[in-house]
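Below are the chains, spelled out letter by letter.
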Amino acid sequence: METLGLLLFKGAAFLVALGVLVVIHEYGHYWVARRCNVKVLRFSVGFGKPLKTWVRGADQTEWVIAAVPLGGYVKMLDEREAPVAETELPRAFNRQNVWKRFAIVLAGPVANLLLAIGLYWVLFLHGVPGMRPVVGAPVADSASARAGFAAGDTLSKIDGVPVSTWQDARWLLLKHAVRKGTVAVEVMTDNDQTITRSLDMSALTAADLDGDFLQTLGVTRFMIKSPPEIGRLTSGGSAERAGLKAGDEIVALNNARIESVEQVIKLIQQHAGEPLIAEIRRDGKLLPPLQITPDTVTEGDGRKIGRIGATLQPPRSASDKYRVVVRYGLLDGLGQAIAKTWDTSMFSLKMLGKMLVGDVSLKNLSGPITIADYAGQSAQHGWIAYLVFLALISISLGVLNLLPIPLLDGGHLMYYIVEIFKGSPVSEKFMEIGQRVGVGVLLLMMAFALFNDVNRLISG
């Protein structure tokens, strides 16, 4: 069970992330509305009863922090909501031409995408640490083995796109895994030869994509032959409860001598809820044996595995040559940030489409509980991981709001596109039907997401 302190930390990380994303989104609407000379009555972060209100500006706009922090809104002058004085009619939202209304509504999702670009730009300028994509021995009779991969191969290009880290490689392979085709992977062998291998992903199922699809393909990381060290500890995790500390070296588990990170992970996963006797070296000295009981976690495919709430890493002396920091200059970094945001946005749309046709499980939908958990986990891993999380969630929020579902920004944009071609606004009857459909779709999505959240909580 998680400690109260950890729950509060995760809650705070979630609220900070949500606050940033909501403010950026709504400020996009607000900024463009002001540029179009539309009067803004209220800018609210959260819904429900106002907790704090400020009145500022020539228009006396109310700036509000409300009780329910799951969203926000910008309220503009509009004849459909309340009577408008004759002198202010030109500043009413409903009196603007369709292009101005389109721009105001579009500005929210665009602001989220711009935030993601800005975050990635900062990360690329600073440098993102990672591990070189060196593969281990392929799993017997797997797609990786049939493709001819060998221990020590370094992935250099996937479908012609250069890769520098395992994060890059996993992301590109995931994109191709969703398509379930064959992808060309260029590798540099141990003897510095460049070879292209064809990795067949056609046998992957929706369940495989829910879990570790690389394991299904037989693609493994190269094992550095050295006892691993404990990195960051999760507060309240079984590693911390057992008395482990960052920097501890795991020498043996259940009398089995340890030679790699992968060996430890495998033993931990196989002993969910079962005690492991660990021999630990701390500051060069062996400690008395410790007992660690891995917590039970259920994977997306239903498998129950063990986790100890700690990152594992090879000692720096043994792994320096496998570490890499991806860093770009000012303009290159901006270009990479734009490309990353675009790529992630398109992939998000493809995944939503795959969910609709059943090629990808609806288990991939996450609600506020899971997002809060991820926020806390990423914050525990440092500011780089937290900014990556913020960028991903900002993209998700931007893409979701662009979907042509009434009640969302994309639904309003759909009405405006119809208006542009029709030459007049859609009827109120049509909009009313659309609102009902939109409510139904959103409630269904929320129900699936919350069910997944609760299922993950119950299953650990």
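Residues numbered from 1 in each chain as written. Predicted model: local features only at pLDDT ≥ 70, side-chain atom pairs only at ≥ 80, totals over all residues. Heavy atoms only, no water.

To continue, consider the environment of Pro109. Structurally, Pro109 is set in helix H2 (residues 98-126). What makes Pro109 buried here is its relative accessible area of 0%. Linking Pro109 and His29, residues 80 residues apart in sequence, is a C-alpha distance of 8.8 Å. Ignoring any residue separated from it by four or fewer positions in sequence, one finds Pro109 in contact with His25, His29, Gly398, Asn401, Leu402 and Asp409. (Helix = DSSP H or I, 4+ residues; strand = E, 2+ residues; numbered from the N terminus. Buried < 20%, exposed > 50% of the residue type's maximum accessible area, 1.4 Å probe, protein only. Contact = heavy atoms within 4.5 Å.)

This part is about unusual backbone geometry. Positive phi outside glycine occurs at Lys180, with the angle close to 60 degrees. Mapped onto the secondary structure, Lys180 falls in the loop between helix H4 (166-179) and strand S6 (182-188). You can call Lys180 partly exposed: its relative accessible area is 26%. For Asp192, which is not glycine, the phi torsion reads 65 degrees and is therefore positive. Mapping Asp192 onto the fold places it in the loop between S6 and strand S7 (194-200). Overall, Asp192 belongs to the exposed group, its relative accessible area being 61%.

Applying the stated criterion across every chain, the model contains 13 salt bridges. In this structure, Arg80 and Asp78 form a salt bridge, with 2.7 Å as the shortest nitrogen-oxygen distance. Take Arg80: its relative accessible area is 56%, and that puts it in the exposed class. A relative accessible area of 6% places Asp78 in the buried class. Residues Glu79 and Arg95 are paired through a salt bridge, measuring 2.6 Å at the closest nitrogen-oxygen approach. Remark: Arg95 occurs in the loop between strand S2 (61-76) and H2 and Glu79 occurs in the loop between S2 and H2; sequence separation between them is 16 residues. Assessed through its relative accessible area of 48%, Arg95 is described here as partly exposed. (Salt bridge = Lys/Arg side-chain N within 4 Å of Asp/Glu carboxyl O.)

Okay, the packing of H2 against helix H13 (residues 409-422) next. Their axes nearest at 9 Å, the elements H2 and H13 cross at an angle of 155 degrees. As far as their axial angle goes, H13 and H2 are roughly antiparallel. Considering only the axes of H2 and H13, their crossing is left-handed. In this structure, H2 contributes Val98, Trp99, Arg101, Phe102, Val105, Leu106 and Pro109 to the contact, and H13 contributes Asp409, His412, Leu413, Tyr416, Ile417, Glu419 and Ile420. (Axes fitted to C-alpha atoms, helices over the stretch in contact; angles between N-to-C directions. Parallel < 35°, antiparallel > 145°, perpendicular 65-115°, else oblique. Left-handed = near helix turned anticlockwise from the far one by under 90°.)

Below, the discussion takes up the environment of Phe430. Along the polypeptide, Phe430 turns up in helix H14 (residues 428-459). In this structure, the C-alpha to C-alpha distance between Phe430 and Tyr415, residues 15 residues apart in sequence, is 9.5 Å.

In terms of nonpolar packing, the biggest core is built from 27 residues, with Leu199 and Leu217 touching the most fellow members. Where this core is concerned, the elements lending two or more residues are helix H3 (143-147), strand S4 (154-158), H4, S6, helix H6 (213-217) and helix H10 (330-357). In terms of residues, this core owes the most to one element, H4, which gives seven residues. Every residue in contact with Leu217, bar those within four places of it in the chain, is listed here: Ser142, Ala143, Ser144, Leu199, Asp200, Met201 and Leu204. Counting residues in hydrophobic clusters, the runner-up holds 24 residues, among them Val22, Phe124, Val128 and Ala337. (Core = buried A, V, L, I, M, F, W, Y, C linked by side-chain atoms within 4.5 Å.)

Side chains of strand S17 (residues 323-326) alternate between two faces, with Val324 and Val326 buried and Arg323 and Val325 left unburied. Here strand S3 (residues 128-131) runs beside S17; their pairing, made up of four bridges, is antiparallel. Bridging from a neighbouring strand, Pro129 pairs with Val325 of S17. (Pairing = 2+ DSSP bridges.)

Another aspect to go through is the packing of aromatic side chains. Applying the stated criterion across every chain yields a total of 10 aromatic pairs. Note on Tyr30 and Trp63: the rings are 5.1 Å apart at their centroids and 65 degrees apart in plane angle, and the pair reads as edge-to-face. Note that Tyr30 is positioned in helix H1 (residues 4-35) and Trp63 in strand S2, a separation of 33 residues in sequence. Take Trp63: its relative accessible area is 23%, and that puts it in the partly exposed class. Ring pairing ties together the aromatic residues Tyr27, Tyr30, Phe43 and Trp63, which thus form one cluster. In this structure, Arg197 packs its charged tip against the face of Phe149, placed 5.9 Å from the ring centre. In this arrangement the basic side chain of Lys340 is found over the ring face of Trp171, its NZ or CZ atom lying 5.0 Å from the centre. (Phe/Tyr/Trp six-rings, centres within 6.5 Å; stacked < 30°, edge-to-face > 60°. Lys NZ or Arg CZ within 6 Å of the ring centre and 35° of its normal.)

All right, on to the environment of Tyr27 then. Within the secondary structure, Tyr27 sits in helix H1. Under the relative-accessibility criterion, Tyr27 is labelled partly exposed at 39%.

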